[in-house]
Amino acid sequence: MVGSLPSIPCLVYLPHSYSGKGPAESCVQIIRYFEEGGIAPALYVGRSKSSVAPSIALRPAMRGLAGVLPWRLISGRAKDKLDAQFRKALAHQGGKGIAYFWPGDDGTLVQDAKACGWITVREMTNRTLAAAKRSLDKGFARVGEERPHHITQQLVDQENALLKQYDLIFSSNAQVDQSLKDAGVAPERILPTTFGWNADRFAGANSRAKPEAGRPIIVGNLGTLSIGKGICDLLEAWGDISGDAELRLAGPVDWSVEQRLKDAVAADPRIKLVGYIDNIERFFAQCDIVVLPTLDEGGPQVTYEACAANAAIVATNMAAARVLKDESNALIVPPHSPGALAKAINLLAKDAPRREKLAAQARQDVNEFAYSRVGVRRAQQLREAFLSSQ
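Per-chain numbering applies: the sequence of each chain, read as written, is numbered from 1 onward. Owing to the predicted nature of the model, reporting of local features is limited to residues with pLDDT of at least 70; listing and counting of side-chain atom pairs is limited to 80 or more, with chain, interface and lining totals taken over all residues. Excluding hydrogens and water, the side-chain values take into account all heavy atoms of the structure.

Visitor: Quick rundown of the environment of Gln-29? Include the residues and the values.
Guide: Here a strand is any run of E in DSSP of at least two residues, a helix any run of H or I of at least four, and the numbering for each starts at the N terminus. With respect to the helices, strands and loops of the structure, Gln-29 is situated in helix H1 (residues 22-31). Classification of Gln-29 by relative accessible area gives buried; the value is 7%. Along the primary structure Gln-29 and Ala-53 are separated by 24 residues, whereas in three dimensions their C-alpha atoms are 8.8 Å apart. Once residues lying within four places of it in the same chain are set aside, the contact partners of Gln-29 are Asn-198 and Tyr-371. Whenever a nitrogen or oxygen atom comes within 3.5 Å of another N or O atom, the pair is scored as a polar contact, on the condition that within protein one atom can donate a hydrogen and the other can accept it, and that pairs from neighbouring residues in sequence are kept only if both atoms are in side chains. One polar contact links Gln-29 to Arg-32, side chain to side chain, over a distance of 3.4 Å. Burial status follows relative accessibility: with a 1.4 Å probe on protein chains alone, a residue under 20% of its type maximum counts as buried, one over 50% as exposed, and anything between as partly exposed. The contact definition used throughout considers only heavy atoms, calling two residues in contact when any of these lie within 4.5 Å.

Visitor: I'd like a rundown of the environment of Leu-348, residues and numbers included.
Guide: Tracing the backbone through its elements, the reader meets Leu-348 in helix H11 (residues 338-349). For the pair Leu-348 and Gln-178, spaced 170 residues apart in the sequence, the C-alpha separation amounts to 31 Å.

Visitor: How would you sum up empty space enclosed by the protein? Please name residues and give values.
Guide: In the cavity and pocket records, a cavity denotes points on a 1 Å grid over the protein atoms alone where a 1.4 Å probe fits but cannot get out, a pocket denotes an open set with protein on both sides within 12 Å along at least 5 of 7 lines, and lining residues are residues with an atom within 4 Å of a point. Grid points are joined across faces, edges and corners, and a volume is the space filled by probe spheres set on the points. Under the defined criterion, the tally for this structure stands at one cavity of 30 Å³ or more. Taken as a whole, the largest cavity spans an internal volume of roughly 40 Å³. Along its surface, the largest cavity is lined by Gly-139, Arg-142, Val-143, Ile-227, Gly-230, Ile-231, Cys-232, Asp-233, Leu-295 and His-336. Listed by contribution, the elements that provide at least two residues to the lining of the largest cavity are helix H4 (129-142) and helix H7 (231-238). Element by element, the count of residues in the lining of the largest cavity is highest for H7, at three residues. Each residue gets one of three labels, nonpolar for Ala, Val, Leu, Ile, Met, Phe, Trp, Tyr, Cys and Pro, charged for Asp, Glu, Lys and Arg, and polar for the others, Gly among them. When the residues that make up the lining of the largest cavity are grouped by side-chain class, the tally is five nonpolar, three polar and two charged.

Visitor: Tell me about the packing of aromatic side chains, residues and numbers included.
Guide: Planes of paired rings set the category: under 30 degrees apart is stacked, over 60 is edge-to-face and the rest tilted, where pairs are Phe, Tyr or Trp rings (Trp by its six-membered ring) whose centres lie within 6.5 Å. Counted by the stated rule, this structure contains 13 aromatic pairs. An angle of 40° between the planes, with centres 5.3 Å apart, marks the rings of Tyr-304 and Phe-369 as tilted. Taken together, the positions of Tyr-304 in helix H10 (residues 301-308) and Phe-369 in the loop between helix H12 (352-365) and helix H13 (371-389) put the pair 65 residues apart, joining distant regions of the chain. One exposure class covers both Tyr-304 and Phe-369, and it is buried. Aromatic rings pair up to connect Tyr-13, Tyr-44, Phe-86, Phe-101 and Tyr-166 into one cluster. Both a distance and an angle decide whether a charge sits over a ring: NZ of Lys or CZ of Arg must be within 6 Å of the ring centre and within 35 degrees of the ring normal. Directly above the ring of Phe-170 sits Arg-378, whose terminal nitrogen or CZ lies 4.5 Å from the centroid. Over the ring of Phe-195 we find Arg-378, and its NZ or CZ is 5.4 Å from the ring centre.

Visitor: For H4, give the residues involved together with the corresponding values.
Guide: For a helix, the expected span equals 1.5 Å multiplied by the residue count minus one. The first and last C-alpha atoms of H4 sit 19 Å apart over 14 residues, in line with the 20 Å expected at 1.5 Å per residue. At the C-terminal side of H4, Gly-144 shows a positive phi close to 75°.

Visitor: If you had to explain a positive patch on the surface to someone new, which residues and values would you point to?
Guide: Patch membership requires more than 30% relative accessible area and the absence of a salt bridge. Residues of like charge join within 9 Å; the nonpolar side chains Val, Leu, Ile, Met, Phe, Trp and Tyr join within 5 Å. With residues, only the protein chains shown are counted as cover, and all accessible areas are computed by Shrake-Rupley using a 1.4 Å probe. A side-chain nitrogen of Lys or Arg and a carboxyl oxygen of Asp or Glu constitute a salt bridge if their distance falls within 4 Å. We count Lys and Arg on the positive side and Asp and Glu on the negative side, and we leave His and both chain ends out. Where a charge sits is defined by one atom per residue type, namely NZ (Lys), CZ (Arg), CG (Asp) or CD (Glu). A cluster of basic residues, Arg-59, Arg-63, Arg-77 and Lys-81, forms a positive patch at the surface. If you trace the backbone, Arg-59 turns up in strand E3 (residues 57-60).

Visitor: So what's going on with the packing of helix H2 (residues 71-93) against helix H3 (residues 108-115)? Which residues, and what values?
Guide: All axes are obtained by fitting lines to C-alpha atoms, using only the stretch in contact for helices, and the reported angles, taken between N-to-C directions, cover 0 to 180 degrees. Two numbers describe how H2 lies on H3: the axes approach to 9 Å, and their chain directions differ by 10°. Between H2 and H3, the crossing angle belongs to the class labelled roughly parallel. Packed against H2, whose contacting residues are Asp-83, Phe-86, Arg-87 and Leu-90, the element H3 presents Thr-108, Leu-109, Asp-112 and Ala-113 at the interface. Each residue belonging to the contact of H2 with H3 can be placed in one class, and the counts come to four nonpolar, one polar and three charged. The cut-offs work like this: below 35 degrees is roughly parallel, past 145 is roughly antiparallel, 65 to 115 is roughly perpendicular, and the gaps in between are oblique.

Visitor: Tell me about a nonpolar patch on the surface, residues and numbers included.
Guide: Nonpolar side chains collect at one region of the surface, where Leu-65, Val-68 and Leu-69 lie side by side and expose about 300 Å² of accessible area between them. Note that Val-68 resides in the loop between E3 and H2. Given a relative accessible area of 65%, Val-68 falls into the exposed group.

Visitor: So what's going on with the pattern of salt bridges? Which residues, and what values?
Guide: Per the stated rule, a full pass over the model turns up 21 salt bridges. Where Glu-145 meets Arg-147, a salt bridge forms, and the shortest distance between an N and an O atom there is 2.9 Å. The partner of Glu-297 in a salt bridge is Lys-229, and the shortest N-O contact between them spans 2.8 Å. Taken together, the residues Glu-297 in the loop between strand E11 (289-292) and H10 and Lys-229 in the loop between strand E8 (217-222) and H7 connect sequence positions 68 residues apart. Looking at Lys-229, the relative accessible area reads 27%, which means it is partly exposed.

Visitor: Got a sec to walk through the nonpolar core? Specific residues and values, please.
Guide: As used here, the term nonpolar core means buried Ala, Val, Leu, Ile, Met, Phe, Trp, Tyr and Cys residues forming a set that is joined through side-chain atoms within 4.5 Å. Core analysis: the biggest nonpolar cluster contains 62 residues, and Ile-31, Phe-34, Leu-43, Ile-98, Tyr-100 and Ile-313 have the highest contact counts within it. Looking at which element gives the most residues to this core, the answer is H13, with seven residues. Counting residues in each nonpolar core, the second largest holds 37 residues, with Ile-241, Ile-289, Ala-342 and Leu-358 among its members.

Visitor: I'd like to hear about the sheet that holds strand E4 (residues 98-101), residue by residue, with values.
Guide: For two strands to pair, DSSP has to find at least two bridges joining them. Judged by pairing direction, the sheet is parallel, and its seven strands sit side by side in the order E3-E2-E1-E4-E5-E6-E7 without closing on themselves. Each having just a single partner strand, E3 and strand E7 (190-192) make up the two edges of the open sheet. Across the sheet, the mean angle from the axis of one strand to that of its neighbour is 25°, orientation sign disregarded. With four bridges joining them, strand E2 (residues 39-48) and E3 adopt parallel strand pairing. Note on E3: the bridge partner recorded for Tyr-44 is Arg-59. Each of strand E1 (8-18), E2 and E4 touches H1; the most contacted strand, E1, lies at about 160° to it. The strands touched by helix H5 (residues 153-163) are strand E5 (119-124) and strand E6 (168-171); relative to E5, the strand with the most contacts, the crossing angle is about 145°.

Here it is as C-alpha cells:
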C-alpha cells in the first residue's frame, strides 16, 4: 500500500536457481523493497535455495529433492515448469499489473502477458548483445585471440527482435541507455535506473585501517577473469606499474585468459591469483586500489560494493555505473587502454591522500545507491508507468 492506495501486482520472472548470490541476488534485493513503493512482487523462480524477505511472495518451480541436485541437471525441466507456472499466473490474475522479466525468456511469455493485458518490463543486466559483441570483437582481436567468444550474430538478431516486444526496459547505466537506443528502442520505453549494494553487508566498512609500513601497495580486481572484463588490459598495464606493488586477482578464470594468466603469474611474482572470494568486504578492505578494467558491462554491482567498502577505484567508463565520476570519487579511463590504466594506477599508488579523498567521496556518494533506495525508486517508476497506461 502507498497511503490508502492498493499495491499493484508484479509478477517477476527469474529463470535462475536462487542461492543468495549473483544476478538472482540482485533481483531479490531490488524487489525486496518494492512494497514500499506501492508494488506487490511475486517471484517466480526456477528454484530457491535461500530465503527471501517477507515482502516477496516466493513461487519456486522446483521444490524438494530438486533443491539439492546440480542445477545443470534440472535447469531445463525447471524452466519448463516455471514457464507453465508463470503463464498460469498471467491468465489467472487477468492483466491487472506488471510482468517483470529478467533475461532468459524466449518471447512467448511476453506475448502471453501482453495478450492478457499486463504491462511488460525487461531488465537489462548488461548492454545489448550487439554493443557487447562489438566490444568483445575488438578486445579479442587486440590480444590476438582467434577462438570466438560466446556472442554470435544469431544471438544479436534474436535479442534485437525480443527487445521490440517489451513495453518498457530497465536500463542500469548510460552505456546501456545508448546501446538500447542504437538497437532502435524509443527513449520513452527506457527506464533509467541502477543496481546497488546491500547496506547490511557493508555495515562495518565506513573506514579502513592505515596500511602497514613497508608493505607493498595492494591493487585488487574482483570478478570473472576474462578478456571481456579487461584482464588482458590490466596484465599489460601491470608491466608499467612502478614501485613496490602487488596485484591480487579474485574470481573464476575464464578460458579466454587461462594461459595468459598462467604465463603472467610465472613471469611476475607480484601477481597473485586468489580464487573465489566469498567475503568481498574483506577483500576490498585489504586493497589500497581497486581496478575495474571491464570492456563491456551493464551496471556492475561490484562497482557499488567497492564504493561501499571505502576503496580507491580506477575504472573504465563501462564500469562507472551511475555512481563513479572522474576525479571526484574515482579515476575513469577508456576501455581497451592499458596505458591509461597504468597511468591511473601509478598516480594513486604514489598518492595516499588522493586515494583517501577519492575513497571517502565514493563511500559518501554510494549511499544513494543502497538497495533500500534503489528498490523503492524502481517501484515508483513501475507504479507511475502502470497508472499512466490505465
